[in-house]
Amino acid sequence: MKIIIYSLLLISFTSSAAIEDYKIYPIYETEAVKTSGDAADDPAFWLNKTNPEKSIVLGTDKKSGIYTYDLSGKTLNYFPMGRINNIDLRNDYLIQNRTVSLLAGTNRDFNRIDFLLIGSNGNVDEYLDNSFQTELTSVYGLCMFKDTDNSKTFIFVTDEESLAIYQYEITSYAPISAKLVRTIPTQSVSEGCVVDDDLKILYFSQEDEKSGIFKTTAMPEGGNIETIDLIKPSGNITGDSEGLALVKLPDQTLLISSSQDSNEYLIYTTGTENQYLGKFTIATSTIDGTSETDGIEAFYGSLNPQFPLGIFIAQDDVNLDQYGDPINQNFKFSSLKDAIDPFIK
């Protein structure tokens, strides 16, 4: 049996120059999801390479399905696929004689992985009769890893009951099939995760009393688990660490995490040190700010005048209408430039 070692990085979690009081504002918000209560959860972003202004945001209603939105938050389509919790996507697959992006999502109704196909023109279709049935009893979080060096794609699925992350290798795309290649034990419930495909690193968060952010190799051979940050007072996280997103800049990559109980977003460098740079909040302007965020997503690159250097997407727990009254949850869109600018100077 392989022994997994959790190691604590020998650096200070907090930089003396960390930025602790910084606000940004939403530019757009999506329409509220149809389902009431704790419903909106995890976003993903698809880049339209030929027309970036036509790029798509996807977001889960974890009680009913997946929405697609344009960059102004307008609903484009809705897929009533069931209790899809977390989603992620990768690009450039030849499926059914066309080049598509493949989106995967955890379906908690059936403990399986369901899929959408996104064409190069932005058309989104449900990949009917192509789900992967896991052996798990409580699928939860999900992220993908495309290993271009070895022409393989993997899906990481967290399981709420067994306290582990399961790595599956896709072995066929038409029809979809996969095999379990690795199991990563966690110290508590894990949901948020993201993979740096270039460096082959898996980042994942933990919740509850073991809340924190951790990393390990994304390769199926496995390796030790390193601690990036922990819950206060040992680290900088307040309450549960939830969503994770990577920002691929020309000269560096940043890691962003949602600190749920404090309505904050924490930023770290990546590489060997994983230095904590500080945090920001999304405050109210003409659109209400965010609170108790679950999933987040980030994309760096020019999209349109509102998002000149990319977009930051965050789920909002307490969504308010124009009169300040609570309505169903949604997702907020902010300028990525605004979010990261003071942290990269």
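Please read all numbers here as calculations on a predicted model, not as lab measurements.

So, about the overall build of the chain. Each helix and strand in the chain was counted, giving 1 helix and 29 strands. At 19 Å, the chain has a C-alpha radius of gyration in line with the 20 Å of a compact globule built from 345 residues. Scored against the burial criterion, the 345 residues of the chain give a buried share of 59%. Of the contacts formed within the chain by residues at least 6 apart in sequence, a portion of 52% connects residues at least 24 apart. Charge centroids of the chain, computed over 26 positive and 50 negative side chains, lie 4 Å from each other.

Attention now moves to the confidence of the model for the chain. Summarising the model, the chain shows a mean pLDDT of 94, and 95% of its residues fall at 70 or more. Below a pLDDT of 50 lies the segment residues 8-13, which in the model reaches 18 contacts outside its immediate sequence neighbourhood of four places, other chains included.

What follows covers the sheet that holds strand S25 (residues 296-300). Strand order in the open sheet made by the 4 strands is S3-S29-S26-S25, with antiparallel pairing throughout. Because the sheet does not close on itself, it has two edges, and the strands there are strand S3 (28-29) and S25. Summarising the sheet, S3 and strand S29 (residues 330-335) pair through 2 bridges and their orientation is antiparallel. Bridging across to S29, Tyr28 finds its partner in Phe333.

Let us look at the environment of Gly212. Here Gly212 is to be found in strand S19 (residues 212-217). Here the alpha-carbon distance between Gly212 and Thr238, two residues 26 residues apart in the chain, equals 9.6 Å.

Read across the open sheet, the 5 strands follow the order S2-S24-S23-S22-S21; overall the sheet is mixed. Each of the sheet's edge strands pairs with one partner strand only, and the pair in question is strand S2 (23-24) and strand S21 (241-248). In the sheet, strand S23 (residues 264-269) pairs with strand S24 (residues 276-282) via 4 bridges, with the strands oriented antiparallel. Residue pairing in the sheet places Tyr265 in a bridge with Phe280 of S24.

This brings us to the state of the cysteines. Scanning the model with the defined rule gives 1 disulfide in all. Cys143 shares a disulfide with Cys193; S-S distance 2.3 Å. One disulfide, between Cys143 and Cys193, carries an S-S torsion of -120 degrees and so falls in the left-handed class. Highlighted residues: Cys143 in strand S13 (residues 139-147) and Cys193 in strand S17 (residues 193-196), separated in sequence by 50 residues. Like Cys143, the residue Cys193 is buried in the burial classification.

The omega torsion across Ala174 and Pro175 is 5 degrees, close enough to zero to call that bond cis. Its location among the elements puts Pro175 in the loop between strand S15 (164-173) and strand S16 (176-185). Note that the residue after Lys232, namely Pro233, is joined by a cis bond; omega there is 5 degrees. One can find Pro233 in the loop between strand S20 (225-230) and S21.

Tallied over the entire structure, the rule returns 20 salt bridges. The salt bridge involving Lys62 is made with Asp294; its shortest N-O contact spans 3.9 Å. Of the two residues, Lys62 sits in the loop between strand S5 (56-61) and strand S6 (65-69) while Asp294 sits in the loop between S24 and S25, which places them 232 residues apart along the sequence. In this structure, Arg90 and Asp197 form a salt bridge, with 2.8 Å as the shortest nitrogen-oxygen distance. Of this pair, Arg90 sits in strand S8 (residues 84-95) while Asp197 sits in the loop between S17 and strand S18 (201-206); the two residues are 107 residues apart in sequence, bridging distant segments of the chain. Each of Glu29, Asp288, Asp316 and Lys332 takes part in a single network of salt bridges with overlapping partners.

Summed over the entire model, instances satisfying the criterion amount to 14 aromatic pairs. A connected cluster of aromatic rings, assembled from ring pairs, spans Tyr67, Tyr69, Tyr78 and Phe331. In this arrangement the basic side chain of Lys146 is found over the ring face of Tyr93, its NZ or CZ atom lying 4.3 Å from the centre.

The rules behind these values
Every chain begins its residue count from 1, and numbering advances along the sequence as written. Note on the predicted model: pLDDT of at least 70 is required for a residue's local features to be given, and 80 or more for side-chain atom pairs to be given and counted; whole-chain, interface and lining totals, by contrast, use all residues. Only heavy atoms go into the side-chain values, all of them from the structure, while hydrogens and water stay out. The helix count covers DSSP runs of H or I at least four residues long, the strand count covers runs of E at least two residues long, and both are numbered beginning at the N terminus. The reference for a compact globule is 2.2 Å times residues^0.38; the radius of gyration itself is calculated from the C-alpha atoms. Exposure categories follow from relative accessible area, calculated using a 1.4 Å probe and restricted to protein chains: below 20% of the type maximum is buried, above 50% is exposed, and the middle band is partly exposed. By definition, residues are in contact when any of their heavy atoms lie within 4.5 Å. Within this scheme the basic residues Lys and Arg register as positive and the acidic residues Asp and Glu register as negative, but His and the chain ends are omitted. Working definition for charges: the position is that of NZ of Lys, CZ of Arg, CG of Asp or CD of Glu. The predictor reports its confidence for every residue as pLDDT, a score running from 0 up to 100. Two strands qualify as a pair provided that DSSP identifies no fewer than 2 bridges between them. For this text, the term disulfide refers to a pair of cysteine sulfurs within 2.5 Å. What counts as a salt bridge is simple: a side-chain nitrogen of Lys or Arg found within 4 Å of a carboxyl oxygen of Asp or Glu. In summary, the pairing rule links any two rings of Phe, Tyr or Trp, Trp by its six-membered ring, whose centres are within 6.5 Å, and it sorts them by plane angle into stacked for under 30 degrees, edge-to-face for over 60 and tilted for everything else. The rule is short: NZ of Lys or CZ of Arg within 6 Å of the ring centre and within 35 degrees of the ring normal puts a charge over the ring.

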